[in-house]
Amino acid sequence: MAPPGGHVAILAGGLSHERDVSLRSGRRVAESLRAAGLEVTVHDVDADLLPFLDSARPDVVWPLLHGASGEDGSVRDVLELVGVPYVGTGPRESRAAWSKPVAKSVALGAGLCTPEYVTLPQSLFRELGAQPVLDAVVSRLGLPLVVKPTHGGSALGVTLVERADQLPRAMVDCFAYGDVALIERAVRGVELAVSVVDLGRGPESLPPVEIVTSGPYDFDARYNPGRTEYFAPARLDDDVLQVVREVAVRAHVALGLRDLSRTDVILDPDGVVHFLEVNVAPGMTETSLLPQAARAAGLDLAALYRSLVVRHVRR
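In every chain, residue numbers begin from 1 and rise along the written sequence. The predicted origin of the model limits local features to residues at a pLDDT of at least 70 and limits the giving and counting of side-chain atom pairs to 80 or more, whereas totals for whole chains, interfaces and linings rest on all residues. Only hydrogens and water are removed before side-chain values are computed, so all heavy atoms of the structure are retained for them.

### With respect to the UniProt feature "active site" (unreviewed entry) in the chain
(1) Moving on: Per the UniProt entry, the sites bearing "active site" (unreviewed entry) are Glu18, Ser154 and Ser288 in this numbering.
(2) Moving on: As for its position among the elements, Ser288 is in the loop between β13 (273–279) and α11 (289–296).
(3) Moving on: By the criterion applied in these results, polar contacts are pairs of N or O atoms within 3.5 Å in which, for protein atoms, one can donate a hydrogen and the other can accept it, and in which residues neighboring in sequence qualify only through two side-chain atoms. A polar side-chain atom of Ser288 sits 2.8 Å from the main-chain amide nitrogen of Thr285. UniProt positions are given in the numbering used here, feature names are shortened, and annotations may be inferred rather than shown by experiment. Strands are runs of DSSP state E lasting at least two residues, helices are runs of H or I lasting at least four, and both sets are numbered from the N terminus onward.

What follows is the structure, given as structure tokens:
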């Protein structure tokens, strides 16, 4: 018999560029849930998944998948098709948040600030010629710029462009991870990650985490200790922290997210909070930001994760 809280199946792995991060997240959450007294199985997303769900009949699934399929809503669609409850945002809302331009449009509609941007597919450069398009981008948005794929996380394919002659290389790197690029005006300031959790009382933000890194906050800086220093809570005045936390909650609500999310923002020198993107499957590794924020709030990770799970256990 499964212990109180039921049998939890964690989905980790998949075939995205962020597979290794997902596996690390899955292991960490599994350890915490087992410490909380739950029965936990970690399963990859492969041809055995549906037979496993049919035979094991877990009480709840937690998709800890980063990147495509895990965050674009497709796996969540399948979970709904087979009638298995799960932790996290639904498929349609996941798709909106997964698309950085869509999420930015929703944020703008909710009255939030976001850096000026354009979204350009790779095919457009073939049709119009790369250099005239890039010249127009620089003329309109200025420098510095940030180039990133419209989908994906962990800073894969993301480049900070300081000079115009760096832009072509940045586009090549971006298109290695997707066919559409988002180019936005770079905002200087304090980089912050704000996690939101909902344990049944409505969405509440955890203490913002300030990110200080030597060089770009890229994949290596995110997942290999040493290059990045984190401050949780961020070293900001309480009134500023409150504004930042409210932005994350407003983004979470505007996008219709559920259970948990993480919003990335920049606080500029004028005190303006700029929404960058939101993540419906935040990393849960040893260096990830949501666990840091939870600890800064004085929360026990095992208890927090258990609370997220038991809300969706089959009744």
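### Overview of the packing of aromatic side chains
(1) Moving on: For Phe, Tyr and Trp, rings pair up if their centres lie within 6.5 Å, where Trp contributes its six-membered ring, and each pair is then called stacked (planes under 30 degrees apart), edge-to-face (over 60) or tilted (otherwise). Under the criterion given, the structure shown has 2 aromatic pairs.
(2) Moving on: With 5.8 Å between their ring centres and 70 degrees between their planes, Phe125 and Phe175 make a pair best called edge-to-face. Residue Phe125 is found in helix α6 (residues 122–128), and its partner Phe175 is found in helix α8 (residues 167–175); the two are separated by 50 residues along the sequence. In this pair, the class of Phe125 matches that of Phe175, namely buried.
(3) Moving on: Look at NZ for Lys and CZ for Arg. If either is within 6 Å of the ring centre and within 35 degrees of the ring normal, a charge sits over the ring. The ring of Phe231 carries Arg235 above its face, with NZ or CZ at 3.7 Å from the centroid.
(4) Moving on: Against the face of Tyr86 rests Arg258, its NZ or CZ located 4.9 Å from the ring centre. Per-residue accessibility, obtained with a 1.4 Å probe over protein chains only, is compared with the maximum for each type, and a residue is labelled buried under 20%, exposed over 50%, and partly exposed between these values.

### What to know about the side chain of Thr263
(1) Moving on: Tracing the chain through its elements places Thr263 in strand β12 (residues 260–267).
(2) Moving on: Exposure remark for Thr263: the relative accessible area of 0% places this residue in the buried category.
(3) Moving on: When checking whether two residues touch, look at their non-hydrogen atoms; a contact exists if any pair is within 4.5 Å. Leaving out residues up to four positions away in the same chain, Thr263 has contacts with Leu192, Ala193, Val194, Ala248, Ala251, Phe275, Glu277 and Val278.

### As for the nonpolar core
(1) Moving on: One finds Ile10, Leu33, Trp62 and Val309 to be the most contacted residues of the largest nonpolar core, which totals 30 residues.
(2) Moving on: Secondary structure elements with two or more residues in this core: β1 (7–11), α1 (19–35), β3 (60–63), β8 (190–197), β10 (209–213), α11 and α12 (301–310).
(3) Moving on: Not counting chain neighbours up to four residues away, the residues in contact with Val309 comprise Val8, Leu33, Leu38, Val60, Trp62 and Val87.
(4) Moving on: Grouped together as the second largest cluster of nonpolar side chains are 23 residues, Leu255, Leu257, Leu267 and Phe275 included. For this analysis, a nonpolar core means a set of buried residues of the types Ala, Val, Leu, Ile, Met, Phe, Trp, Tyr and Cys, connected via side-chain atoms within 4.5 Å.

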